[in-house]
Amino acid sequence: MLTTGRKKFAAFAFAVVATIAGSSLATEYYVDSLSGSDANDGMTESTAWKSLDKVNDADIKGGDAVHFRRGRVWRGTLRPKSGEPGAPTRYDAYGEGEKPRVMYSADLSDPELWEKVDEELWATKEVKYVDINSGDETKLFAAGDWHIYTEEEASGTCKKREFDDLGGAKGYRVICESAGTRATHFQLTTEGFPVRKDRLVALRLKARAGKPISLNPTLMMKGKPWSSYGKCVVGFGPLEPTWREFDLVFRTTHDAEDGRITFFLGDTLSKDWWFDFVILGAREVEASGAWLDADVGNLVYSRRGAFKQSENSATKVFPPTYKGWEICGFKKWTLEDLKLLGDFWYDVEKGRVFVKDNQNPGRRYFSIEAPMKGNCCRIENGHDVIVEDLAFTHTGAHGVSAVRCERTTIRNCDFHWIGGSDLYGGGGAGKRVRYGNGVEFWDGLVDCTVEGCRFTEVYDTATTTQGPEKDVARNLTIRNCTMIRCEQSFEIWFTHPETILENCVFEDNLCVDSGRGWSHDQRPDKRGTPLLGYSLDAAKVDVTVRHNVFYDASQEFIAFWHDRIGDYKINDNVYWAAKTYHEAGDKYFHYNIKNEAPGKTYEEYRAETGHDADSRWVEPIFRDYSRDDLRILNQSEIYDWRTK
């Protein structure tokens, strides 16, 4: 029989052996969007995979690494798999050249994608769906019974019914008796049908509803872990009390026998809402025209050579990138709002973009990217993940969306042209809220790091941790990052009174021109500041802000709605405001805004809070500010805390 000491040693030895064994079995994979093939094994550079779908579907385990070839581009969402403590999964780069780029956007550069609507209006060509030969399996798509599933206080019915005004056609009536507070609380679903990969399947139905509403279903696995099997690229337009015929078009990504379609309605419905529908059958289709299956949050126009400001309504021209000089379109909410050159409107029902222009935009500009509503990288319930040396650009939503993550590191990544999409998807009807962050931690985190990253042109904030639930956000470090022309650099908000926010550190970052990017002029809720805080009702708040350089901002250096600034530790920072117009005058520090406290000058803020006692007001001298070369020449003067 082993003694207690021997048992402990044996357990330790087993753990060491297991770790060594796990490391020896780790696998490296390679991905090349040009010369790779998903039929390859991905184990060498010469047998690299090609697509994000292949990477996302792969059985990546702790210790494995996925290497993306530099100089290549992928469009879609990267979904890293979790590793194990001490053996994280790694997603990074190999080869020579620019960082591998993941974009969630459509390339609208081809003049053939555009058609003239009138003398000063162009639009992307409408997508046409043409029936092709459909097998028996396609006819089984969503052919079973429909039912509802409810949680919490939500309740309702889904009953089969014959509709006399449709000649006795058989369908369903859904009635909401009590709506939920979350989308998952009230679900309308059908399940157990086959799905075949890389197809467009159109599900035709007739439908009407008691109140106008737009609905978009999800194609997914029947049971846990509820994996996605594709995307609905054409949903319901606004349903009305009269019958209308629709095609729900799904783009499939998997081969499976356990398909499920779900409408998540809990946060959409109201009491006594009703919905009638009759399924007319499924068929396979093919598409032609511009593919804009999600809200277009921005249009990024690029030009090479000399650029005349008068050519566009944009108020700013941005420094050159790999595609030349860039400007952005101005998103409008109705077709009638298009007044100036470059203004655009996304037609949510038709999936088209309309642009104010007197010539084909594809000929005016060298490049046009249309960032759409989707995340470049999504890590959900993830742990033990490292993402480094990748570029996440041109998305209407988030660069990296990290939901309930532990031991996750985002390192040496670039984020560019992030955000601007319609959060609630109404296309201008209802709440008009645009959004998009560089790296967003949602619903808590443990032991996460963002370091060495570069953020430019972010609609909302470069980095944020936030959530409405009872969360724990413990040990978040954001350091050595450069954040340029983001509306904000770092944001915190939590609304649950039992949330724990502990050891959150923002340090050694360079924040330049907050609120001086593309989004500021377009947004109704202007708040150009590096440090932002909305509601902070947490039980514990422990935040450190130190050793940062805050260079200029359109409005403030601190903007906190809450009254928890006393729970922060802010010191050893450098501040500088250029001699340009500031919307807040010299009141750069604004906190307890919810109680209408006025903004403070630098000296007033330091005297009142005790923060930044050792901080300084010094001008950084950049190597080439006009071209975003922000290497600081007077480092000894700026970074004096390094010698303390």
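1. A few points about the packing of aromatic side chains
Tallying each qualifying case throughout the model produces 38 aromatic pairs. Measuring from centroid to centroid gives 4.3 Å for Tyr301 and Tyr365, while their planes differ by 20°, and the two rings are stacked. You can see Tyr301 sitting in strand E19 (residues 300-303) and its partner Tyr365 sitting in the loop between helix H4 (361-364) and strand E25 (367-371), a full 64 residues away along the chain. For the pair shown, Tyr301 and Tyr365 are each scored as buried. With a centroid separation of 4.8 Å and an interplanar angle of 5°, the aromatic rings of Phe490 and Phe506 are classed as stacked. Of the two residues, Phe490 is situated in strand E38 (residues 488-494) and Phe506 in strand E39 (residues 500-507); the sequence distance between them amounts to 16 residues. Residues Phe490 and Phe506 agree in their burial class; the two are buried. Here Lys331 stacks its cationic end above the ring of Trp333, 5.5 Å away from the centre of that ring. Positioned above the aromatic ring of Tyr459, the side-chain terminus of Arg523 is 4.5 Å from the ring centre.

2. As for helix H5 (residues 602-609)
Taken together, the buried positions of H5 are Tyr602, Tyr605 and Arg606. The buried residues of H5 occupy an angular sector of 95° when projected down its axis, which confines them to one face. Turning to H5, the residues buried within the fold contact strand E44 (558-560), strand E45 (568-571), strand E46 (574-576), strand E47 (589-590) and strand E48 (616-617). Count one or two residues on from H5 and you reach Gly610, which has phi positive near 80°.

3. Considerations on the pairing of strand E2 (residues 65-69)
Burial analysis of E2 places four of its five residues in the buried class, which makes it a mostly covered element. With five bridges connecting them, E2 and strand E4 (residues 89-94) associate as parallel partners. Note that in E4 the partner of Phe68 across the bridge is Ala93.

4. A look at the nonpolar core
In terms of nonpolar packing, the biggest core is built from 91 residues, with Phe68, Leu108, Leu299, Phe392, Phe415 and Phe455 touching the most fellow members. Per-element accounting of this core gives the leading share, five residues, to strand E33 (residues 439-451). The next biggest cluster of nonpolar side chains, apart from the first, holds 38 residues, and it includes Phe141, Val201, Leu239 and Leu269.

5. Some words on empty space enclosed by the protein
A full pass over the atoms with the stated rule returns three cavities of 30 Å³ or more. Considered as a void within the structure, the largest cavity measures approximately 60 Å³ in volume. Taken together, Glu137, Thr138, Phe141, Pro194, Val195, Arg196, Arg199, Val201 and Thr252 make up the lining of the largest cavity. Contributing elements (two or more residues each) for the lining of the largest cavity: helix H3 (136-139) and strand E12 (186-195). Approximately 40 Å³ is the volume found for the second largest cavity. Taken together, Phe490, Glu491, Ile492, Leu531, Leu532, Phe560 and Tyr568 make up the full set of residues lining the second largest cavity. For the lining of the second largest cavity, the elements supplying multiple residues, two or more each, are E38 and strand E41 (529-536). Element by element, the count of residues in the lining of the second largest cavity is highest for E38, at three residues. Residues that form the lining of the second largest cavity fall into these classes: six nonpolar, no polar and one charged.

6. A look at the pattern of salt bridges
Summed over all chains, the structure comprises 53 salt bridges. Close ionic contact of Arg69 with Asp32 constitutes a salt bridge, the shortest N to O distance being 3.1 Å. Remark: Asp32 occurs in the loop between strand E1 (28-31) and helix H2 (52-57) and Arg69 occurs in strand E2; sequence separation between them is 37 residues. Two residues, Arg196 and Glu137, come together in a salt bridge whose shortest N-O distance is 2.9 Å. Here Arg196 is found in the loop between E12 and strand E13 (200-209), whereas its partner Glu137 is found in helix H3, with 59 residues between them in sequence. What makes Arg196 buried here is its relative accessible area of 17%.

7. Notes on the environment of Val355
For Val355, the location among the structural elements is in strand E24 (residues 352-356). In this view, Val355 contacts Trp114, Glu120, Leu121, Trp122, Leu299, Tyr301, Leu338, Gly342, Asp343, Phe344 and Pro361; residues no more than four positions away in its chain are not counted.

8. A closer look at the side chain of Arg606
Structurally, Arg606 can be placed in helix H5. Within polar-contact distance, the side chain of Arg606 engages the backbone oxygen of Ser615 at 3.3 Å. Not counting the four nearest positions on each side in its chain, Arg606 is found in contact with His611, Asp612, Ala613 and Ser615.

9. Side note on the pairing of strand E50 (residues 629-632)
Here strand E49 (residues 622-624) runs beside E50; their pairing, made up of two bridges, is antiparallel. Bridge assignment links Asp624 to a residue of E50, and that residue is Asp629. Hairpin geometry of E49 and E50 is characterised by an intervening segment of four residues between the two adjacent antiparallel strands and by a positive phi of about 60° at Asp628.

10. Some details on the sheet that holds strand E14 (residues 218-221)
Within the open sheet, the four strands sit side by side as E9-E12-E17-E14. Their pairing is antiparallel. Edge positions in the sheet fall to strand E9 (147-150) and E14, since each of these pairs with one other strand and no more. Sheet twist, expressed as the average angle between the axes of neighbouring strands with direction ignored, equals 40°.

11. Regarding the environment of Arg251
One can find Arg251 in strand E16 (residues 244-252). For Arg251, a relative accessible area of 32% translates into the label partly exposed. Between the C-alpha atoms of Arg251 and Cys328, which are 77 residues apart in sequence, the distance is 29 Å. Not counting chain neighbours up to four residues away, the residues in contact with Arg251 comprise Arg199, Leu200, Tyr229, Gly230, Lys231, Val233, Trp291 and Asp293. Among the polar contacts made by the side chain of Arg251, one reaches the side chain of Asp293 at a distance of 3.2 Å.

12. Details of the confidence of the model for the protein
Across the protein, the average pLDDT comes to 89, with 92% of residues at or above 70. Of the regions scoring below 50 in pLDDT, residues 1-23 engages in one contact with residues more than four places distant in sequence or in other chains. Below pLDDT 50 for its whole length, residues 306-316 participates in 26 contacts with residues either more than four positions away or in separate chains.

13. Concerning unusual backbone geometry
Lys224 connects to Pro225 through a cis peptide bond whose omega is 5°. With respect to the helices, strands and loops of the structure, Pro225 is situated in the loop between E14 and strand E15 (230-234). The residue Glu152 is not glycine, and still its phi comes out positive at about 55°. Residue placement: Glu152 occurs in the loop between E9 and strand E10 (155-163). Look at Glu152 and you get exposed, because its relative accessible area is 65%.

Cut-off values and rules
- The written sequence of each chain sets the order in which its residues are numbered from 1.
- Whole-chain, interface and lining totals are the exception, using all residues; otherwise, since this is a predicted model, local features are given only for residues with pLDDT of at least 70 and side-chain atom pairs are given and counted only at 80 or more.
- Just so you know, side-chain values use all the structure's heavy atoms and leave hydrogens and water out.
- We call Phe, Tyr and Trp rings a pair once their centres come within 6.5 Å, taking the six-membered ring for Trp, and we label the pair stacked below 30 degrees between planes, edge-to-face above 60, and tilted otherwise.
- Helix and strand definitions follow DSSP, with helices as H or I runs of at least four residues and strands as E runs of at least two, each counted in order from the N terminus.
- Exposure categories follow from relative accessible area, calculated using a 1.4 Å probe and restricted to protein chains: below 20% of the type maximum is buried, above 50% is exposed, and the middle band is partly exposed.
- Consider the ring centre and the ring normal. A charge sits over the ring if Lys NZ or Arg CZ is within 6 Å of that centre and within 35 degrees of that normal.
- It is the directions from the helix axis to the C-beta atoms that the arc portrays.
- Here, two residues are considered to be in contact whenever any of their heavy atoms come within 4.5 Å of each other.
- We call two strands paired when DSSP finds no fewer than two bridges between them.
- Buried Ala, Val, Leu, Ile, Met, Phe, Trp, Tyr and Cys residues that are joined via side-chain atoms within 4.5 Å together make up what is termed a nonpolar core.
- Only protein atoms enter the 1 Å grid used here. Points where a 1.4 Å probe fits but cannot escape make up a cavity, open sets with protein on both sides within 12 Å along at least five of seven lines make up a pocket, and a residue lines them when an atom lies within 4 Å of a point.
- Grid points are joined across faces, edges and corners, and a volume is the space filled by probe spheres set on the points.
- Polar here means any residue outside two lists: the nonpolar Ala, Val, Leu, Ile, Met, Phe, Trp, Tyr, Cys and Pro, and the charged Asp, Glu, Lys and Arg; Gly therefore counts as polar.
- Between Lys or Arg on one side and Asp or Glu on the other, a salt bridge is scored when a side-chain nitrogen of the former is within 4 Å of a carboxyl oxygen of the latter.
- N or O atoms within 3.5 Å of each other form a polar contact, as long as, within protein, one can give a hydrogen and the other can take it, and as long as residues adjacent in sequence are counted only when both atoms are side-chain atoms.
- Here an angle of 0 to 180 degrees is reported between the N-to-C directions of two axes, which are lines fitted to C-alpha atoms, with helices fitted over the stretch in contact.
- Each residue carries a pLDDT value, the predictor's own confidence for that position, ranging from 0 to 100.

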